[in-house]
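Chain by chain, the residues:
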Amino acid sequence: MRDKYVDWLRAISLIVVVVWHWAFTILQWTPSGPEPTSPLGFTSGLWILTWLLQVLPLFFYVGGHVHLLSWERAQARGQGLGAFVWRRIRALSIPALGLSAVWVAIGAIVTAVFHVDWMWRVVLLVLSPLWFLGVYLVLIALLPVSLWMHRRFDVLALIWLGGAALVVDVLRFRYGVEWAGWLNMIIVWGLAHQAGFFYDRIVILPRRYDVGILWTGLFALFGLVYSGIYPGSMVGVPGDKWSNMAPPTFVIVALLIFQIGLVEVLRPSMERVLERPGWKRVNETINRYALPLFLFHTTGMAIALGLGWWLLGSLGAKVPPDLSWWLERPIAILAPLICTLPVIYLYGRRRKNVENVQPKR
């Protein structure tokens, strides 16, 4: 039986990222092309919202749980680990590579024909959110290693990964070894993914432990952020010396603990809600479309901005954002959504056509 709450968390974590990009991206036009920024750099205290809305730790956590379950089912059917890993990699990488190829081709054609040098900047902005899929694919490839660590060392694997992430931050912030920070792209997100292997054990804990996990993560966040070493925002902010995301810092580990506690505290209420017929349909719908929506949401956003430029003759926004900018946020979500849906539809049709012409096994 499927865990409806897991499905909900996985889909919502992707949709929150999409809505964040649509609603809170401020595009400035510079001589070198479009330059993105966000209201976080101009609105005091807004960064606290990122403790709830930066949900990639939760996505990797749920992903680890889903991969473990899927592997156990595949193993019961007699499938080997290598074949299982390759199938998962192929399912995720083909759409992402196809999208990348299309945008690279568009960039090359527009640059060659119209001599628009900043077109490559547009291509980079459209494809940049796919970085997390790249990390996710690496973690899938490393699944044999993470499964071995889980069987052999159990919770010690999490402790060692957390310690490694902290050592990397010491090297980066205390000794100025900047390149070491990029090791945390695998260590921190690998820890979140590995933590998903403990999902079932966390679920059965008494409620007081859920509250304890939440407060542990929250106190850790406050302590780390107000130490003066780490930024308060869980996403990059223009003007900040460092970012907690690029590359990730140990603060993301504290954020993961906080979010695990939060979703477990909310579990009883959400499980009751998701049993209602209307919410069941919503859950099924968003799970069907969450990944394609994430994959193509920047394409839809680029189309919406291009149409706005063509129809209204303007592109970009003033900074700092004013009241009218905040009032326009629903439109900033609706317009890219309308432009993304046809792309998802065409992708779905093409995928069905490809599956129909493949020989049956």
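The shown structure was predicted, so the numbers you read here are calculated from the model rather than taken from an experiment.

### Thoughts on the pairing of strand β2 (residues 33-37)
Bridge analysis of strand β1 (residues 26-30) against β2 gives five bridges, and the strand direction is antiparallel. Note that in β2 the partner of W29 across the bridge is P34. The antiparallel hairpin formed by β1 and β2 contains two residues in its connecting segment.

### Quick look at the nonpolar core
Counting residues in hydrophobic clusters, the biggest one holds 91 residues, and the most contacted among them are Y61 and W189. Broken down by element, this core gets its largest block of residues, twelve residues, from helix α12 (residues 251-274). When residues no more than four places from it in sequence are discounted, the contact partners of W189 are L56, P57, F60, W131, V135, L139, N184, M245, P248 and I252. Judged by nonpolar contacts, the second largest core, of nine residues, contains A23, I26, L46 and V235.

### A short note on the packing of helix α4 (residues 81-114) against helix α6 (residues 131-141)
Contact geometry of α4 with α6 gives a least axis separation of 9 Å together with a crossing angle of 165 degrees. Between α4 and α6, the interaxial angle falls into the category roughly antiparallel. α4 and α6 meet at a crossing whose hand is left-handed. Touching V85, R88, I89, L92, S93 and A96 of α4 are L133, Y136, L137, I140 and A141, all from α6.

### Digging into α12
Along its length, α12 shows its largest kink, about 55 degrees, at R267, and proline P268 lies within four residues downstream of that point. Summarising burial for α12: 17 of the 24 residues are buried, a large majority.

### Some points on unusual backbone geometry
P247 follows A246 through a cis peptide bond whose omega is 0 degrees. Checked against the element boundaries, P247 lands in the loop between α11 (207-225) and α12. Positive phi, normally seen in glycine, also occurs at H115, with a value near 55 degrees. Its location among the elements puts H115 in the loop between α4 and α5 (119-127). Notably, D154 is not glycine yet its phi reads approximately 55 degrees, a positive angle. Mapped onto the fold, D154 is located in the loop between α7 (143-153) and α8 (155-174).

Parameters at a glance
- Residues numbered from 1 in each chain as written.
- Predicted model: local features only at pLDDT ≥ 70, side-chain atom pairs only at ≥ 80, totals over all residues.
- Heavy atoms only, no water.
- Pairing = 2+ DSSP bridges.
- Helix = DSSP H or I, 4+ residues; strand = E, 2+ residues; numbered from the N terminus.
- Core = buried A, V, L, I, M, F, W, Y, C linked by side-chain atoms within 4.5 Å.
- Buried < 20%, exposed > 50% of the residue type's maximum accessible area, 1.4 Å probe, protein only.
- Contact = heavy atoms within 4.5 Å.
- Axes fitted to C-alpha atoms, helices over the stretch in contact; angles between N-to-C directions.
- Parallel < 35°, antiparallel > 145°, perpendicular 65-115°, else oblique.
- Left-handed = near helix turned anticlockwise from the far one by under 90°.
- Bend = angle between axes of the 7 residues up to and from the residue.

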